[in-house]
Structures are given as structure tokens and as C-alpha cells.
Amino acid sequence: MADPEIKSYEPHHESRSAAVTESRPVRITLTTVTLVFLGIFLLLPLIIVFKEAFAKGVGAYFQSLGDADTRSAIRLTLLVAAISVPLNLVFGLSAAWAIAKFEFKGKAFLTTLIDLPFSVSPVISGLVYVLLFGAQGLLGEWLKAHGIQILFAVPGIVLATVFVTFPFVARELIPLMQEQGNGDEEAALSLGASGWQAFWYVTLPNVKWGLLYGVLLCNARAMGEFGAVSVVSGHIRGLTNTMPLHVEILYNEYNAVGAFAVASLLAGLALVTLVLKTLLEMRYGAEIAATRGH
Amino acid sequence: MEVRVVNVRKEFERFPALHDVSLDIKSGELIALLGPSGSGKTTLLRLIAGLERPTKGAIFFGEEDASQKSIQERNVGFVFQHYALFRHMTVADNIGFGLKVRHGAARPSSQEIRRRALELLDLVQLSGLEKRYPAQLSGGQRQRVALARAMAIEPKVLLLDEPFGALDAQVRRELRRWLREIHDRTGHTTVFVTHDQEEALELADRVVVMSQGRIEQVGTADDIYDTPNSPFVYSFIGESSSLPVKVENGEVWIADRPIGLEAPHAPPGEAVLYFRPHDVDLLDGCSGCIAGTVAASRRVAGTRRVELEIGGERQRVEIELPVDHPAAQKSRVAFRPRRWKLFPKA
């Protein structure tokens, strides 16, 4: 509500002036280039994934999904996502809250730090954990002495996934919360709400759509992460293989149907995420615009 | 509720925003904090609310020291400059929020909350809009909802930060009158911040003029306008003209001529003369007057504003004449301020 006199910032579709409209051939060329690009690099691979998965029929598809190692990979992926997404939800919320609502020293540094997983190669992220928790690593001796297994086990996979996916929620929320400022919270407090009530009744509803986007993206990445997880997992079949790792193993064993069947699940997840996001935008478009805008 | 601000100092990162400010607000009073931006008026309001803590000094609500209390405990109604309505709640839920977040026995039933919300909506003349969302209201309507929400908690003090700042001139004037009515009906002790002197003078029982973190003057509209106690207040409130003068033998001199103003109590030496451009007597002959050459003449609404050059130093000064006054056509005009004040040279 920066300026209540301005009712909305709807883009002026109809009133776009001739000055900024390109001529017809230019428009057609631009559109064609975009569509061809999307077709070759996005749509075609997606079609091939499903085509290969069903190359030997529906029966073979479901048979390969029913394989014990495959089922275990799916279970592990779900488990990892179920742990890392809530963790990053809480972390993202608190980081965004701290950055958007408070002034403190080193704030710019913290903001940059949150982006680190985006700028570092996932393989490096994985290696860091090997250096930290590996047998020759910094904490390796101590962990071994206490019988704690992190590397080549579920904890390591979860840690690597959390690391790689932690910017998603925070990145989505920080600009949103910064734009909204402290006014609503101050109003809630002045009306007698406790800090917790202000958060629950005012802050959270104000950012709920951004939060949901962040969680969807975070989840998609958590299930799909390959590089970092590959380094720390150890690729133990039926134990530390996640779906993306399992796809690679199956593919290297020339089990194309198996590999693409699992890949189709991951692709399906991506599609579901997209559809969900679009549905949310359609259903709550006005409300989302209202919480983001004015 | 009587509010006393006692020797309050507020620093932001060592930068002082308020220096040793004291102010007594009477119970039931409607008081305006008026000043240019950066004068500390909003800081003072936020200190009273408890949104900020004073660096030094105390704030009393009645006999109680409120300075160490949190904003929740102070029970003040605060109306924010941009209203800060909860955008995902309906108008009724916005107004009822302060009651809903109460604990235990203090929390009314949901029917009671709704009844109170509708009652307040009626008070602010917005009946029928309870199901709307803030985004569906005009600026003036949002302002009223914000006020109703603040009043729902039966506050001890009502604090408004630039309540009409974001509205256009027409709505501003309407809401101003309406706020006065509401105040007279409910009798809340009310403090509002504004940079608009017309608003402050018209609406408030008393006006607190602030500048650079200090209170310059506190008084009624008449006090502030007719007897400003500092050059700042003189020039900030209304139109004013000033001229460097000299005091000698209990008389005011410009260059080597007395101008017919007696100042028996003023200390001799250099001073600055302040007067209102419209509050002057035009004179024909000139023995004991201020005379100047007309440098420019502008028509401003119902009057004509004439700029005069005075004396060898070519000091410029403005006076106001009736539109059809013959003096406006002349090249020299002589006048004497009717009401005026001397301040020591800065």
C-alpha cells in the first residue's frame, strides 16, 4: 500500500502505443524463434522421455517401476524431500524475516551468502561435505568414534539437498517482505497482538503465495538434485540411491525402459509443479496481485 | 487520558532526532504536531505510541510511567500514514482484529466482535462495506477503516500519522471536518502529525510547532498565528516578510530613518523585523514609514502581492494589497506594518 491513490498497476495491454510495437514480420520472427527454441530444447526431450519409458509397452513400464531398488530410490527421494523442504521452509522464512524486517551489520553479506548454493557447482557442495564428514575429513575421526554415519548414508544426502535447495524459499520471500515493510506488523502490535499473533495473522498471510511458490520450486529441486547428492551418496543400490542417481545407474546398465520410467516420474513431478503453479495463479490471481502489489 | 512527555531525547544511531522535548497533552484534547519534514514530529508520535523507546526521558499516561511499557500494554490507537490495513482481511475483520487477538476473558465472543465492528463501521459512515477488502476501497474509505480499527480497542489515546497525507485536496477537507466531529463525539485524547499548517490550525485545539527536533511553540491557532515566538514560527506559519533593522532610542530604524514603530523594551542594536504581508497600513506621505520601489507585482487569488525594494541595500519585502488598490500602479509605495515583531539578528 505504498500509494493508496493508485488503484492498481495493471499493464496497459490495449493502450500500448504504436511507438513500442514492432512491425508484423519482426513479431512473427521473434515468436517463431522462441517457439522453435522451446520445442527443441524443452518439449522434445520431454516427449522422448515418455516415448522411451513406454517403448516396450505399459506392462514393462510398470514392471520396471515395481523393481525393489527403484521403489527404494523413490522412497528415499520422498524421504529426503520430506525432511529438507520443511527445513528450508523454516529457514527461508526466518532468513527472509531477518533480512526484510531488521537492520543489522553484515546484512548484505548474509543476502549474498544465501545465494551461494546457486553460484556454486552442486558437485562442490557435495565435496564440501566429503571434506567435512569423510573418513579423512575434519570431523571424520570424531564421527567414527561415536559411530555416526553421515557420508554415504541418508543424513549426508539430506544435508547436501538442504544445502542446494535452501535459497528457493528465502529468495522468493525476501523481495516480497522487503516491499511490504513493517507497517502491517506495527499495526498488529499497536492493536495488542503479540509477536507470534502478528506473525501468524498478518505476516504469514501476506506472504503465503510467495511461500507456496518457493516451496514448490524447492521441492522440485530437492527431488531432482543430482550433483551434490551423487558425491555424498556412495550409490549404494537400495540404500542410498535417490531417483536421479538411480536413473543414471539404470541408463549405464543399458536398461533404457527402467531409466526412462524413473525419469518420467521426475518429469511428471516437474509438470505437476508447473500445473499447480498455473492453477494457483488462475484461481487466486487477483488475490496474489493484491498481496504483491499496491 | 492525560499524556505528559517529560524531557524526552531520542537518538537514531547517535543522530539526535529529538532534543529534550517536553509536552503536556490534556485529556480529551485534539492536538496537532506540525513541522517540516525532519522536524521530529513523527518520531514524537511513535514515542508516545511505544513504537520507539526514548533514549532519555519519560512519557506518562495519566500518573503512570508508560515509557517502559510495550506498545501492546499501552493500549493506543495508531492510524498509520498509509493505513497499514491487513489486505487479506475484510473490512469487518480488520476492525475486529484488535479484539480478536485479546486473551482469555478479555476476548469478546465472535458475535460481539462482529457487532462492535459493525457499530464502528456505522460511526465512520461506511455501513454496508464490511465484506469488502481494503484493495476495493478508495483512499478516503481506507482512512476511515483505519480509524475505526484503531478505535475498536477503546484506546487511551488516539495517534494519527499524517492522516490525510495521501489523499487529494477535496477528500482531505471533508475528512478533516469529519475527524473533528468524530473527536467531539467520542472525546478521545487525539494527537495527529501533519506538515500542512492549514490542517493543523483548522482542526486542532492546540498546535505544537516543531523544528529540527525541538518544540518551537505550543498554542492555539490564534496564539501561533498572531504571536509567533520565534522567527521560525513566524516564517513557517502563514505568509511573512522580514527586514533587517536597527533599534535605537526605543525606535525601529531602517538605515538612517526611523520607520514609526516604537520598541521601548527591545535591546538596542541590530534586529530583524517580521510582519504579515497583508497586515500593513498604506501611507501617502512618508515620515516614519517603510518606503520602497515596486520591483514586481503579482495577482494571487483575491489579492495583489507587491514586491518592494527597500533602501540602499535593496532588501526585498512583500506586501499584499487589495486588487484594485491604486498603490499597485505606482512606482513607489510607503507602508507601515500594523502588527509586527522584532527578533534579535540571527
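Residues numbered from 1 in each chain as written. Chains lettered and ligands numbered in written order. Predicted model: local features only at pLDDT ≥ 70, side-chain atom pairs only at ≥ 80, totals over all residues. Heavy atoms only, no water.

(A) The overall build of chain A, seen in detail. Each helix and strand in chain A was counted, giving 13 helices and 0 strands. Going from the N terminus to the C terminus, chain A shows its helices and strands as α-α-α-α-α-α-α-α-α-α-α-α-α. Projected onto its principal axes, the C-alpha coordinates of chain A cover approximately 65 × 60 × 30 Å. Here chain A holds 294 residues, and 40% of them are scored as buried. Contacts in chain A between residues far apart in sequence, at least 24 positions, make up 73% of those at least 6 positions apart. (Helix = DSSP H or I, 4+ residues; strand = E, 2+ residues; numbered from the N terminus. Buried < 20%, exposed > 50% of the residue type's maximum accessible area, 1.4 Å probe, protein only. Contact = heavy atoms within 4.5 Å.)

(B) Summary view of helix α4 (residues 110-123) of chain B. Residues and elements named next belong to chain B. Taking 1.5 Å of rise per residue, 14 residues should cover 20 Å, and α4 covers 20 Å from first to last C-alpha, within 8% of that figure. Residues of α4 that are buried: I113, R116, A117, L120, L121 and L123. Seen from one end, α4 has its buried residues packed into an arc of 155 degrees, which puts them on one side. Residues of α4 that are exposed and point over 90 degrees away from its buried face: Q111 and D122. Downstream of α4 by a residue or two, Q125 has a phi angle that is positive, lying close to 60 degrees. (Expected span 1.5 Å × (residues − 1). Arc of directions from axis to C-beta.)

(C) Main features of the pairing of strand β11 (residues 241-248) of chain B. All names here are of chain B. Residues S241, L243, V245 and V247 point to one face of β11 and are all buried, whereas S242, P244, K246 and E248, pointing to the other face, are not buried. Here β11 runs beside strand β14 (residues 269-275); their pairing, made up of 7 bridges, is antiparallel. Bridging across to β14, L243 finds its partner in L273. Two strands pair when backbone bridges link them, and β11 and strand β12 (residues 251-254) are joined in this way by 3 bridges, in the antiparallel orientation. (Pairing = 2+ DSSP bridges.)

(D) The sheet that holds β11 of chain B, seen in detail. Residues and elements named next belong to chain B. The strand order β13-β12-β11-β14-β20 describes an open sheet built from 5 strands, whose pairing is antiparallel. Each edge of the open sheet is held by one strand with a lone partner, namely β13 (257-262) and β20 (340-344). The average undirected angle you get between the axes of adjacent strands in this sheet is 45 degrees. (Axes fitted to C-alpha atoms, helices over the stretch in contact; angles between N-to-C directions.)

(E) Quick look at the nonpolar core. Counting 43 residues, the largest nonpolar core has I95, L147, M151, V207 and I237 of chain B as its most contacted members. With 7 residues, the top contributor of residues to this core is helix α5 (residues 139-152) of chain B. Once you skip the residues sitting within four places of it in the chain, I237 of chain B turns out to touch L34, Q197, L201, V209, I224, Y225 and R276 of chain B. The next biggest cluster of nonpolar side chains, apart from the first, holds 40 residues, and it includes V202 of chain A together with V8, L44 and F97 of chain B. (Core = buried A, V, L, I, M, F, W, Y, C linked by side-chain atoms within 4.5 Å.)

(F) Broad picture of the interface of chain A and chain B. The partner chain B presents 32 residues to the 27 residues of chain A that form the contact. Between E186 of chain A and R46 of chain B there is a salt bridge whose closest N-O contact spans 2.6 Å. Between chain A and chain B we count 6 residue pairs in polar contact (both at pLDDT 80 or more) in total. Those elements giving two or more residues to the side of chain A that touches chain B turn out to be α9 (183-190), α10 (195-224) and α13 (256-292) of chain A. Looking at the side of chain A that touches chain B element by element, the count peaks at 7 residues for α9 of chain A. Tallied by class, the residues present in the side of chain A that touches chain B amount to 12 nonpolar, 11 polar and 4 charged. (Salt bridge = Lys/Arg side-chain N within 4 Å of Asp/Glu carboxyl O. Polar contact = N/O pair within 3.5 Å; in protein donor to acceptor, adjacent residues only side chain to side chain. Nonpolar A, V, L, I, M, F, W, Y, C, P; charged D, E, K, R; others polar.)

(G) Inspection of the sheet that holds strand β17 (residues 303-310) of chain B at higher detail. Residue and element names in this part refer to chain B. On the basis of which strands lie adjacent, the open sheet formed by 5 strands has the order β15-β19-β16-β17-β18 and antiparallel pairing. The sheet terminates laterally at β15 (280-283) and β18 (315-322), the two strands that pair on one side only. In this sheet, adjacent strand axes meet at a mean angle of 45 degrees when their direction is disregarded. With 8 bridges connecting them, strand β16 (residues 290-300) and β17 associate as antiparallel partners. By the bridge assignment, V294 is partnered in β17 with L308.

(H) Local environment of helix α3 (residues 68-101) of chain A. Look at α3 of chain A: 49 Å from first C-alpha to last across 34 residues, which is about the 50 Å you get at 1.5 Å a residue. Sitting at the amino-terminal end of α3 of chain A is D67 of chain A, which places a side-chain oxygen 3.2 Å from the backbone nitrogen of D69 of chain A.

(I) The packing of aromatic side chains, seen in detail. Taken as a whole, this structure holds 20 aromatic pairs over all chains when the rule is applied. Ring geometry for F37 of chain A versus F41 of chain A: centroids 4.7 Å apart, planes at 35 degrees, classification tilted. One end of the pair, F37 of chain A, and the other, F41 of chain A, are both in helix α1 (residues 24-53), 4 residues apart, so they sit about a helical turn from each other. With centroids separated by 5.8 Å and ring planes inclined at 20 degrees, the aromatic side chains of W196 of chain A and W200 of chain A adopt a geometry described as stacked. Here W200 of chain A and W196 of chain A lie together in helix α10, a separation of 4 residues that amounts to about one turn. By relative accessible area, which is 58% here, W196 of chain A ends up exposed. Note on W200 of chain A: relative accessible area 47%, which makes it partly exposed. Taken together through their ring pairs, the aromatic side chains of F91, Y129, F133, F163 and F166 of chain A make up a single cluster. If you follow K100 of chain B out to its NZ or CZ, it ends over the ring of Y201 of chain A, 4.2 Å from the centre. (Phe/Tyr/Trp six-rings, centres within 6.5 Å; stacked < 30°, edge-to-face > 60°. Lys NZ or Arg CZ within 6 Å of the ring centre and 35° of its normal.)

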